[in-house]
Structures are given as C-alpha cells and as structure tokens.
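Structure assessment
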2 protein chains.
Amino acid sequence: MTELFVCQGPDEIPRWRAAFDEARLVTPQQARAQAGSGDGVWVMSNLAGWQGLVSLLAARGATVKVLSYMPSSREALRAMNAGARGYGHALSAPELLRQMALVTRHQGIWVPPELLAQVMGGAYRALGGESQHQDETLSGLTDRERAVALAVAEGQSNKEVARRLEITERTVKAHLGAIFRKLGVRDRLQLILRLSQREAV
Amino acid sequence: MTELFVCQGPDEIPRWRAAFDEARLVTPQQARAQAGSGDGVWVMSNLAGWQGLVSLLAARGATVKVLSYMPSSREALRAMNAGARGYGHALSAPELLRQMALVTRHQGIWVPPELLAQVMGGAYRALGGESQHQDETLSGLTDRERAVALAVAEGQSNKEVARRLEITERTVKAHLGAIFRKLGVRDRLQLILRLSQREAV
DNA sequence: AGGAATATTGTACTGTTGGGCAGGGCAGCG
DNA sequence: CGCTGCCCTGCCCAACAGTACAATATTCCT
C-alpha cells in the first residue's frame, strides 16, 4: 500500500519516510495525475487550493489525510468537509502517522484527541440544540406515536411505516392523527419541517 | 481484548458473538461495576440514560461504541458528545463491528459512511462554513423548477405554490414532476429531506 | 367496579398528489 | 424555417393522505 505525500519541494519531512517504507513525495500536479482509488494520500494544508485537491482525490476513491503545521478545529472541519478522513500535525511521530493510516484505511476518521472535543462539540451545538428541541417536541407523544413520527420524519409512507411497525395502515393513520393534534401541525410535511427545525412558513 | 455489550435481555444479537470470540453481554448495572480502562464497550441507544453511561465509561478510559436500531446523525452526535468513539447500526455485520473495534482502539472515530457527510456537514456549518450543498442540488434545475422546489421545501402545498407563483396547480405539478425526475426522488417528502439534507437514512 | 389512556382495526368519505396524454406560446439556434 | 428547450395549461385517473364515526382490547389508576 503506497502512501503519497502531496507537498511543495521544501516541505519534505523525514518522519514521513520513517513512517512508511513506500512513502512517495509528489507535487499537487502529480497527485492529480496519479492518485486513484484505494491510494493513501496525504495533503499539506499549506498548499494553495488544497481543499479542491482533497475533494477531487476523495471523489476518486482515495483515502485522503490532511497534514497541517498549525492544526485547528476549524481547519480540521474544512478538511473533513472536503472529504478527508484524517487530519493531524505535519510533524506527527511516525507511529502516529501509521495509526492514522490504519484507522482511515478502515473507514474510520482520525482527528487529534485534543481537537476531537472541539470538533464534536461544534457539531453537537449545531445539531444538538435542535435535537434537544426535537426531544421536547416528541416528549408529549406516546411510545407508539413517537415511533410513527420518527419513521414519517424519514420520509416513509403510511404503508412503509405500517410494515416497519407491523400494524395496519389504518393504525398508522390513527397515530398520525394524534400526532398532528398534539403538535399542532396540519400534515406530515409540517411534521417533517418541525422535526428538522426549518422555517415553517 | 474482551468486548462488553451493554443491553437489556431481549436485545441480544447473535452477530455480536459472531464478531468477537470474547463478547460478553452485560446489563447497564454490571457495566458500571465492571468496565474500566482499556475495555471495549458497546452501548445500545435504546437503554434509558445511555448517554450518562457512555460518559461514565468513557471518562474511566473505556473505548465506547454506541449501537442503534435507528441510526441518525443527531444520535451519532449525541453519542460522540457523550464520549463515544464509534456509532453504528445494532445489526451491523460482524466484519463491520470488528472494523469499528479496530478503528476505535487506535484512537479513531467510526461513523457509518452515509452519516459521515451529515455529521461533518453539520459541524462545518456550525463553525461558520458555507453550505453549498443545496445550491449544488438545485443547480441542475431551471429557474422555475428551482422556485417551485424551494416553495415546496417550505412545506407549501401545490395550491399554495400555485398562488405564490401565479400559475395553475397543474403547472406546479408539471414542474414538480421534472424536479423529481432530475433529482431522482420519488415525492415531495424525499425532496424536502434532500434539500435539508438531514436524517434521510 | 368504573374511568381514562393507549393501542388496535374497520368502513367510508374528502382532498391532495403524482402523472399520462394532449396541447398552446415564446425564445434561441443552425 | 424547422428544431429544441422552457413555460404554461386542460382533462382525467390511480394512489395516497387525512379524518369522521365507529368498535374492541389492555393497562393503570381511583
């Protein structure tokens, strides 16, 4: 399994070769031309347009990791959003680099432990606040009604919900009627909007 | 390396034992008493107070993974925020479970690929990044189709959209038909879920 | 025992939705 | 001048959604 390190000339770091026998240093141009599905690619965040490169390579099926001289949670998220599966310090120890490679190769995500809390915290505040609200919204419902509401919120039809919960379509409608009444919405459309917290006009 | 599965009695799943020779099923009480540093623990999200349990075990140094019958990006974020390092479907294949264990044991994070984009997307937008996804989704539509799609995404009925755009209901349907075909969705429900890119599992 | 809440199902009805078929008009392009 | 794409509409129909008016069963509380 070769590991490609995408960087400009002066950025070569001995630890990279120490970490992987088959480490190869390439320019962004070479990476675009060569890297493909299954390759492990490391992209330096000091390259111009590194996010585009990450997106491109990730779309091709490469396992992309981003290395930075000044790691931050913000940059980590940008990397992840571009399709990277790993993010870390460019001067990480060889053992850590190998660990990142192992994790990302197995569909995992790797972020420095000290950034993890911030990254996840940010995500949680964004969606977590909503889910809190979702719990509130659903708390007035019975178990059965909640199950129906969640299934409907996934876009399922009455028939599909009926199959999933092993009840008749009529019963699904009965639960839905109760849900609409309790939540004060007029149909499943508004229910979805309520549960995904978007502006219901 | 033993793997502890925390669940209520009837939730035992044969795949767990198939995945790990040393799998052990325990109750939440037993987990609190036994699990410690270095242990691999799997917590079912249908347990009452599972987030508290995850926090406790994670603080003790256990590697906690959360399993759910209805995975969602929100629940994944809740799990991560509580200190879990992995999140997945309770009925995942044994091989997938082993992969999750491998990744999390090496300081990685594991989230189902289909949820990854949502989780990261949410985190990214939370920290001030731009959301481009919706524009991408709508870019293949004509002006009129886009207007209809956005109105429908607000939960408006065909009749309401018709009034807003000053066209007949039939024309709204015509545009909607084209939208469904272009975006590959089957109805307005799925369209809404696509445009708000949430839970659609 | 009686009431209240929950869960389940039935029949019947109205309204919405999605789409097939069939046509208009308008703008741009070779 | 045809051709194509976009926009608009009519009639009709099958499927789905939501609700009114029921009934039955279980559980939990008074």
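Residues numbered from 1 in each chain as written. Chains lettered and ligands numbered in written order. Predicted model: local features only at pLDDT ≥ 70, side-chain atom pairs only at ≥ 80, totals over all residues. Heavy atoms only, no water.

An unreviewed UniProt entry annotates chain A as Regulatory LuxR family protein originating from Halomonas ventosae.

**Focus: the sheet that holds strand β3 (residues 40-44) of chain A**
Residues and elements named next belong to chain A. So the rule is basically this: When DSSP finds at least two bridges between two strands, those strands are taken to pair. Under the DSSP-based scheme used, a helix requires at least four consecutive residues in state H or I and a strand at least two consecutive residues in state E, with every element numbered from the N terminus. Interaxial angle, 0 to 180 degrees, is taken between N-to-C directions of lines fitted to C-alpha atoms, where a helix line uses only the stretch in contact. Whether two residues touch is decided by their heavy atoms; if any such pair falls within 4.5 Å, the residues are in contact.
In space, the five strands of this open sheet follow the order β2-β1-β3-β4-β5, with parallel pairing throughout. On the outer flanks of this sheet lie β2 (23-26) and β5 (86-89), each paired with one strand and no other. The sheet shows a mean angle of 25° between the axes of neighbouring strands, direction not considered. Inspection of the sheet shows strand β1 (residues 3-6) paired to β2 by four bridges, in the parallel sense. In the sheet register, Val-6 faces β2, and the bridge partner there is Val-26. Contacts between helix α3 (residues 50-59) and the sheet are confined to β1, β3 and β4 (63-68), with β3 contributing the most and set at about 170° to the helix. Sheet strands touched by helix α4 (residues 73-82): β4 and β5. Its angle to β5, the strand with the most contacts, is close to 145°.

**Overview of the nonpolar core**
As a rule of thumb, nonpolar side chains are buried together in soluble globular proteins. What counts, and what does not: Here the nonpolar core consists of buried residues drawn from Ala, Val, Leu, Ile, Met, Phe, Trp, Tyr and Cys, with membership extended through side-chain atoms lying within 4.5 Å. Exposed residues in this analysis have more than 50% of their type's maximum accessible area, buried residues have under 20%, and partly exposed residues fall in between, with area computed by a 1.4 Å probe over protein chains only.
Counting 80 residues, the largest nonpolar core has Val-43 of chain A together with Val-43 of chain B as its most contacted members. Not counting residues within four places of it along the chain, the set of residues in contact with Val-43 of chain B comprises Val-6, Trp-50, Leu-53, Val-54, Leu-57, Val-64, Lys-65, Val-66 and Leu-67 of chain B. Residues Val-152, Ala-153, Ala-162 and Leu-191 of chain B belong to the second largest nonpolar core, which totals 18 residues.

**Details of the protein's contact with DNA strand C**
What counts, and what does not: If even one non-hydrogen atom of a residue comes within 4 Å of a molecule or strand, that residue is called near it. Contacts described as polar in this section are N or O atom pairs within 3.5 Å, which, within protein, must combine one atom able to donate a hydrogen with one able to accept it, while residues neighboring in sequence count only if both atoms come from side chains.
In the vicinity of DNA strand C, 19 residues are found, and the nearest of them are Thr-142, Arg-170 and Thr-171 of chain A together with Arg-170 and Arg-188 of chain B. Sugar and phosphate atoms form 62% of the subset of DNA strand C atoms that lie within 4 Å of the protein. The backbone of Asn-158 of chain B places a nitrogen or oxygen atom 3.4 Å from a phosphate oxygen of DNA strand C. For DNA strand C, a base oxygen lies 3.0 Å from a polar atom in the side chain of Lys-173 of chain B. Elements supplying a minimum of two residues to the surface near DNA strand C: α7 (143-153) and α9 (169-183) of chain A together with α9 (158-165) and α10 (169-183) of chain B. Top element by residues in the surface near DNA strand C is α10 of chain B. It accounts for five residues.

**Some remarks on the packing of helix α8 (residues 158-165) of chain A against α9 of chain A**
All names here are of chain A. So the rule is basically this: Working rule for angles: under 35 degrees goes down as roughly parallel, over 145 as roughly antiparallel, 65 to 115 as roughly perpendicular, anything else as oblique.
α9 packs onto α8 with a crossing angle of 105° between their chain directions and a minimal axis gap of 8 Å. Between α8 and α9, the angle falls in the class roughly perpendicular. Only Glu-169, Val-172, Lys-173 and Leu-176 of α9 make contact with α8, whose side of the interface consists of Asn-158, Lys-159, Val-161 and Ala-162.

**Side note on α3 of chain A**
All names here are of chain A. Heads up, the rule is: Here, the arc refers to the directions that run from the helix axis to the C-beta atoms.
Taken together, the buried positions of α3 are occupied by Trp-50, Leu-53, Val-54 and Leu-57. One side of α3 carries all its buried residues, which in axial view fall inside an arc of 100°. Check the buried side of α3 and you find it contacts β1, α2 (28-34), β3, β4 and α4.

**Section: the packing of aromatic side chains**
All names here are of chain B. As a reminder, the rule being used: The rule is short: rings of Phe, Tyr and Trp, with Trp giving its six-membered ring, pair when the centres are within 6.5 Å, and they are stacked under 30 degrees, edge-to-face over 60, tilted in between.
Counted by the stated rule, this structure contains eight aromatic pairs over all chains. With 6.2 Å between their ring centres and 45° between their planes, Phe-5 and Phe-20 make a pair best called tilted. Here Phe-5 is found in strand β1 (residues 3-6), whereas its partner Phe-20 is found in the loop between α1 (14-19) and β2 (23-26), with 15 residues between them in sequence. Pair check on accessibility: Phe-5 and Phe-20 agree, each one buried.

**A few points about the environment of Ala-151 of chain B**
Residues and elements named next belong to chain B. As for its position among the elements, Ala-151 is in helix α8 (residues 143-153). Using a relative accessible area of 0% as the deciding quantity, one classes Ala-151 as buried. With ten residues separating them in the primary sequence, Ala-151 and Val-161 have C-alpha atoms 6.3 Å apart. Ignoring sequence-local partners within four residues, the contact set of Ala-151 consists of Gln-156, Val-161 and Arg-164.

**Points about unusual backbone geometry**
Residues and elements named next belong to chain A. Of note in the backbone geometry, Glu-166 takes a positive phi value of approximately 60° without being a glycine. With respect to the secondary-structure elements, Glu-166 resides in the loop between α8 and α9. Of the residues examined, Glu-166 reaches a relative accessible area of 72% and is grouped as exposed.

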